Each structure stands twice: as structure tokens, then as C-alpha cells.
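Residues per chain are reported as follows:
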Amino acid sequence: MDSTFMTATAHTNIALIKYWGKKNAFLNLPTTSSLSLTLDRFYTTTSVSPSETSTDTFVLNEQVCDATRVHTFLKILRTQLGDFPPLHVSSDNHVPTSAGLASSASAFAALTGEVVAYLGLDLPKETLSRLARRGSGSASRSFFGHFAVWHEGVDDDSSFAESLHAPDMPIALIVAEVSGQSKKVGSSEGMMRAMTSPNYDDWVKQSANQFDDMTAAVANADIEKIGAIAENNALAMHALNLTATRQPFTYFTDETQLILSLIKDMRRQGILAYATLDAGPNVKIVTTKAQAPEIVAALHDYLPQLKLDVAVSGPGITYD
Ligand code: DP6
């Protein structure tokens, strides 16, 4: 196969146990292990070819973009994999960029897989995840379908993701896109601020317990428990942002709060619905495939303008 015509596709993932803090920013080592579900609906497709200039170039959704972050990451790959000439990177993002849907997860996973394949190397997904981690932490989990864990590790070698080998289950995730606008505080900056919260150490300890409980809930395909733990973990993460001693902030808008209270109401009516939120105002609702349409209809009644997408478990990285 002519590798210059090959593309890699990686799907984004939603963390059910969050990564929210770095113990080593250079190596991107997280303070906690995290656990995610890969989503079918949102993905990035990337191809690379030799650059026609003397530097790395980057086109996203057919528009020439600033290549700084791509170039910084390719420099890391050059030290890890051996030097290679400047590349032209072309990506199509099927994720609303920077709206708190972690487009960087699918983007850096696809880029890592694509470059490694382009160089003719055959590396295990765990090794790819370790490399992609340096581009964006959440990308480490996007090589694997269904559920993945990213082990926090203590150094570059031990911080990688792998598949959780979970049973099939009818889990669904509704994405309520509150705002398509770019987030105001990027994840790396948000994490740095959150780590100044007096509650940060407790959150790290609580996260380790929740990680164990979540692993058991996933093994038992207990979607109710998966949702409940995910919601607790996410709300505690967002409480850190509010209680930061340096530049406290929140990603929540009034609409975010309204959706969170609607989800509580639905639960009182016996509907399985739990919220999780990332570095933006969007609310992601953990539910079952069977109950998703009812939740979508209820939210649509209250907020007719709200953009709603239903995602289910998605695949790991693929190459065409
Ligand atoms: C809230 O992976 O975007 O989505 O490593 O600094 O690029 P960097 O951060 P990033 O952070 C994702 C944070 C999160 C939670 C998660 O995906 O685990």
C-alpha cells in the first residue's frame, strides 16, 4: 500500500472518571487514572504526506491552520521514533472543535496512529497511547473501542492507556451542545487553576476509589451505577474550578444549570439519566439506548434550540 494515501480515523472519548491535573506537565503525567467510553459519532480523520515546505504544515477541515501545536508534537515524535522530514498534516474533524467535547482526544490519537503507520512502524496501541499522551492526555484513551483506562503511571513508560475489555451493554450518551463557542479556559490552564483548590488532594483520593467502583460497575454492565459514579466524579471536578485559590472559574452557564436540574427531575420520575461535563458548558448524559429518545424529547420540550446528539459506544482507531 502507498502509505501517503492512507488515513487514520480515531474517535473521541468521554471520560467517566476524569483526568483533571498533571503531576508532570512536560511528560503529561496525570494526577489520577481515568476511564472513558469511546463514542461512535465524533471522530477525526487524518492523513500525512511530505511537506512541500521546509516546515510541518497543517490543514484542518480544508483550512490552513497554525501548525504550532502539531509541530511541537511532531518534534516529540521525532525524538521518540527517529527523525523524519517535515510533514503536511491534513485532518477532518467530525467533533465540534473546542466546545468541551475534547476534539484534541481524537485529533492527537489519529495523528499519532497516522504518523506511525506512515513511517512503516507497527507499534502496539499501548505504545501509541503513550506517544499520543504527550500531545493531549485524553488522546491516550482514543485508540481503544468501548471502554478504556489510562493508568496514571509514575513516568513516561508507565503512563499509558489500554482496553478495559468490558462486556457489551446498551449504554448511550446524549450530548447537549449548550454552546458551540470556544471555551474560555483551556483544559491545561483549567487544570492548573483547579490544582490550587484546597480540596484537590481529597478529589485525587476520592477519584481513586471511584475508579475502582467504576471498573466494577463496567464489568457488571451496571449502567445506573456507571452514570451515578460518573456524575459524582464530574461535579466534584467542577467544584475544584470554583474553589481554586488562583483564578477560580466555572465552565457552567445558566443553561448548563438548567439542564442539570432537568436531569435530576427526570431521575425522580424513574428515568436513568446522569450528567458528566468536561472543559466547557456542554452536558453529556449517560443513559441507556432505550431511554435516550425520551430524554431527548423532554429536553427538546424545555429548550427547543438545544442541539442534541445521541452517541453510543464507538470503535478504536482504524486505518483506510
Ligand atoms: C475534562 O486531554 O484536553 O476532558 O492533556 O492538557 O491536552 P491536555 O488536556 P485534555 O484534557 C481533558 C480533560 C477532560 C477530562 C478527560 O477527558 O479526562
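Source: prediction; values computed, not measured.

**Description of the overall build of the protein chain**
Secondary structure summary: the protein chain contains eight helices and 14 strands in total. In terms of overall dimensions, the protein chain is globule-like: its C-alpha atoms have a radius of gyration of 19 Å, near the 20 Å expected for 320 residues. Projecting the C-alpha coordinates of the protein chain onto the three principal axes gives extents of approximately 60 × 40 × 35 Å. Every one of the 320 residues in the protein chain was classed for burial, and the buried ones make up 47%. Expressed as a percentage of contacts within the protein chain between residues at least 6 apart in sequence, the contacts between residues at least 24 apart total 73%.

**A closer look at the packing of helix H2 (residues 103–118) against helix H3 (residues 125–133)**
Axis separation between H2 and H3 bottoms out at 9 Å; the angle between their running directions is 120 degrees. Between H2 and H3, the crossing angle belongs to the class labelled oblique. Taken as a pair, H2 and H3 cross one another with a handedness that is right-handed. In contact with Phe 108, Ala 109, Thr 112, Gly 113 and Val 116 of H2, H3 contributes Leu 128, Leu 131 and Ala 132.

**Some details on the site of the ligand**
Around the ligand, 15 residues are found, and the nearest of them are Ala 15, Tyr 19, Ser 136, Gly 137 and Ser 138. Three or more residues apiece are contributed to the shell around the ligand by two domains, here domain 1 (8–167) and domain 2 (171–312).

**Let's talk about the packing of helix H5 (residues 200–219) against helix H6 (residues 223–243)**
Running from N to C, H5 and H6 point in directions that differ by 165 degrees, and their axes come no closer than 9 Å. By the criterion of interaxial angle, the relationship of H5 to H6 is roughly antiparallel. Crossing of H5 over H6 shows left-handed handedness. Only Lys 225, Ile 226, Ile 229, Asn 232, Asn 233, Ala 236, Met 237 and Leu 240 of H6 make contact with H5, whose side of the interface consists of Tyr 200, Trp 203, Gln 206, Ser 207, Gln 210, Asp 213, Met 214, Ala 217 and Val 218.

**A word on the sheet that holds strand E12 (residues 283–288)**
Judged by pairing direction, the sheet is antiparallel, and its four strands sit side by side in the order E11-E12-E10-E13 without closing on themselves. Sheet topology places strand E11 (274–276) and strand E13 (307–312) at the edges, where each strand pairs with a single neighbour. Geometrically, the sheet is characterised by an average inter-axis angle of 30 degrees between neighbouring strands, direction not taken into account. Docked against the sheet, H6 engages strand E10 (171–177), E11 and E12, running at close to 40 degrees with respect to E11. Packing of helix H7 (residues 254–268) onto the sheet brings it into contact with E10, E11 and E12, and relative to E12 it is tilted by some 20 degrees.

**Re the domain arrangement of the protein chain**
Each domain of the protein chain was delimited in the assignment, giving domain 1 (8–167) and domain 2 (171–312). Computed over C-alpha atoms only, the centres of domain 1 and domain 2 are separated by 23 Å. Counting residues at the interface gives 26 residues for domain 1, matched by 39 residues for domain 2. Broken down by secondary-structure element, the contributors of at least two residues to the side of domain 1 that touches domain 2 are strand E1 (8–17) and strand E4 (34–50). For the side of domain 1 that touches domain 2, the element with the highest residue contribution is E4, accounting for six residues. When the residues that make up the side of domain 1 that touches domain 2 are grouped by side-chain class, the tally is 16 nonpolar, six polar and four charged.

**What about unusual backbone geometry?**
Unlike most non-glycine residues, Asn 61 shows phi in positive territory, near 50 degrees. Locating Asn 61 in the fold gives a position in the loop between strand E5 (57–60) and strand E6 (63–65). The exposed category is assigned to Asn 61, around which 11 C-beta atoms lie within 10 Å. The backbone phi angle of His 165 is positive, close to 50 degrees, even though this residue is not glycine. One can find His 165 in the loop between strand E9 (161–163) and E10. Take His 165: there are 11 C-beta atoms within 10 Å of it, and that puts it in the exposed class.

What counts and what doesn't
Residues numbered from 1 in each chain as written. Predicted model: local features only at pLDDT ≥ 70, side-chain atom pairs only at ≥ 80, totals over all residues. Helix = DSSP H or I, 4+ residues; strand = E, 2+ residues; numbered from the N terminus. Rg over C-alpha atoms; globule rule 2.2 N^0.38 Å. Buried ≥ 20, exposed ≤ 12 C-beta atoms within 10 Å, placed from the backbone. Contact = placed C-beta atoms within 7 Å. Axes fitted to C-alpha atoms, helices over the stretch in contact; angles between N-to-C directions. Parallel < 35°, antiparallel > 145°, perpendicular 65-115°, else oblique. Left-handed = near helix turned anticlockwise from the far one by under 90°. Near = placed C-beta within 6 Å. Domains from an automatic or database assignment. Pairing = 2+ DSSP bridges. Nonpolar A, V, L, I, M, F, W, Y, C, P; charged D, E, K, R; others polar.

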